[in-house]
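# Chains, contacts and geometry: an overview
The lines below spell out each chain.
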Amino acid sequence: MNASPAIQELKARLAQATAVTVLTGAGISADSGVPTFRGADGLWKDHRPEELASPEAFARNPTLVWEWYNWRRGLIATKQPNPAHTALVELEHTVNDFWLITQNVDGLHPLAGSQRLSEIHGNIWKVRCTQCERITVNRDMPIAILPECSTCAGLLRPHIVWFGESLDPEDLQKSFDALRKCEVLLIIGTSGMVYPAASFGPIAKENGAFVAEVNLDPTPNSDLVDVAIQGHAKDLVPQLVS
Ligand code: OAD
């Protein structure tokens, strides 16, 4: 099959660029079988984010929140990185100045081998103490409800950025640096509905980057970007970096 002119142009830009930033969302892991959040089969169709993914929800009913995260951890534990995750590892190895910003908490990028990345919404395999704030990796399956900190016995919470919470300032700084200096920004599988990630495309564009989107469907970003390519991430991303 011949690649479309848009794919060819983006491929050439990626091959020439010395600074590339990639922003990913749930769509890249959809091809691994991890549910997305919005859309017909999305997690937010049957669940209200404010009841499960907010500090208020956790304060009100930590057991319910932990049960939901236990369910998601169990599901994600059965999933593997797909060719799109792997292709981004390849890109990281070939581009001098590369940074991956992911909104995904599933840990599939690091599992694939990505190293230069910010998981700006946290990681479902990390927990944080609500008292001493210590962050640790926890792969217990299932995790004890309610889990306690081994240092201070405080209640542990998922190390996830919930609705109404701020991103880690260091992650935000690294992301802005990468957006300002990249020659190409590749946005993969995000609906562009959640800030600040929704502003990353416009920021890179204002700073002179060539901005491209790979998504199954058009998004609010599609009109702003230089190239919008529709299709499955697992098919398109390997073509772009091969
Ligand atoms: P969404 O569920 O909002 O959007 C997923 C996007 O992926 C949609 O635009 C789909 O069209 C696209 N998509 C689905 N399957 C795809 C495929 N196989 N290939 C390419 N694209 C595909 O997910 P996000 O934009 O990541 O927050 O959502 C942002 C944040 O909202 C998440 O990080 C999460 C959620 O609340 C937290 O967990 C803190």
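Here the structure is a predicted model, which means the values were calculated and not measured.

Rules behind the numbers
- Residues numbered from 1 in each chain as written.
- Predicted model: local features only at pLDDT ≥ 70, side-chain atom pairs only at ≥ 80, totals over all residues.
- Heavy atoms only, no water.
- Near = heavy atom within 4 Å.
- Polar contact = N/O pair within 3.5 Å; in protein donor to acceptor, adjacent residues only side chain to side chain.
- Areas by Shrake-Rupley, 256 points an atom, 1.4 Å probe, with all protein chains shown as cover.
- Domains from an automatic or database assignment.
- Contact = heavy atoms within 4.5 Å.
- Buried area = accessible area lost by both parts, 1.4 Å probe.
- Pairing = 2+ DSSP bridges.
- Helix = DSSP H or I, 4+ residues; strand = E, 2+ residues; numbered from the N terminus.
- Axes fitted to C-alpha atoms, helices over the stretch in contact; angles between N-to-C directions.
- Phe/Tyr/Trp six-rings, centres within 6.5 Å; stacked < 30°, edge-to-face > 60°.
- Buried < 20%, exposed > 50% of the residue type's maximum accessible area, 1.4 Å probe, protein only.

Taken together, 23 residues surround the ligand, and among them Phe37, Arg38, Thr190, Ser191 and Asn215 come closest. Side-chain polar atom of Arg38 to an oxygen atom of the ligand: 2.7 Å apart, as the coordinates give it. Between Gly189 and the ligand, the recorded distance is 3.2 Å, taken from a backbone N or O atom to an oxygen atom. Notes on the ligand: free accessible area 800 Å², of which the protein chains cover 92%.

Once the domains are mapped, the chain shows domain 1 (3-34 + 81-121 + 166-241) and domain 2 (35-78 + 129-160). The centre of domain 1, based on its C-alpha atoms, is set 26 Å off from the matching centre of domain 2. Each side of the interface is counted separately: domain 1 has 11 residues, and domain 2 has nine residues. Contact with domain 2 buries surface across domain 1, with Ala26, Val34 and Val105 losing the most and accounting together for 51% of the total.

The strand order β5-β4-β6 describes an open sheet built from three strands, whose pairing is antiparallel. At either margin of the open sheet sits one strand with a lone partner, and together these are β5 (135-137) and β6 (156-160). The sheet shows a mean angle of 45 degrees between the axes of neighbouring strands, direction not considered. Two elements, strand β4 (residues 122-129) and β5, share three bridges in a ladder whose sense is antiparallel. The residue bridging Lys126 from the neighbouring strand is Val137, located in β5.

In spatial order, the strands read β3-β2-β1-β7-β8-β9; together these six strands make up an open sheet with parallel pairing. With one partner strand each, in any of the chains shown, β3 (117-119) and β9 (227-230) form the two edges of the open sheet. Averaged over neighbouring strand pairs, the angle between their axes works out to 15 degrees when direction is ignored. Here strand β1 (residues 19-24) pairs with strand β2 (residues 97-102) via six bridges, running parallel. Counterpart to Ala19 in the pairing with β2 is Asp97.

Using the criterion set out here, one finds four aromatic pairs in the structure. For the pair Tyr69 and Trp162, a centre-to-centre distance of 6.3 Å together with 45 degrees between the ring planes defines the contact as tilted. Here the residue Tyr69 occupies a position in helix α6 (residues 62-76), and Trp162 occupies one in the loop between β6 and α9 (169-181), the gap between them amounting to 93 residues. As far as the burial class goes, Tyr69 and Trp162 line up, both buried. Their ring planes at 75 degrees and their centres at 5.9 Å tell us that Phe176 and Phe200 sit as a pair that is edge-to-face. In this pair, Phe176 sits in helix α9 while Phe200 sits in helix α10 (residues 200-206), placing the two residues 24 residues apart along the sequence. The rings of Phe58, Trp68, Tyr69 and Trp162 are connected pair by pair, giving a single aromatic cluster.

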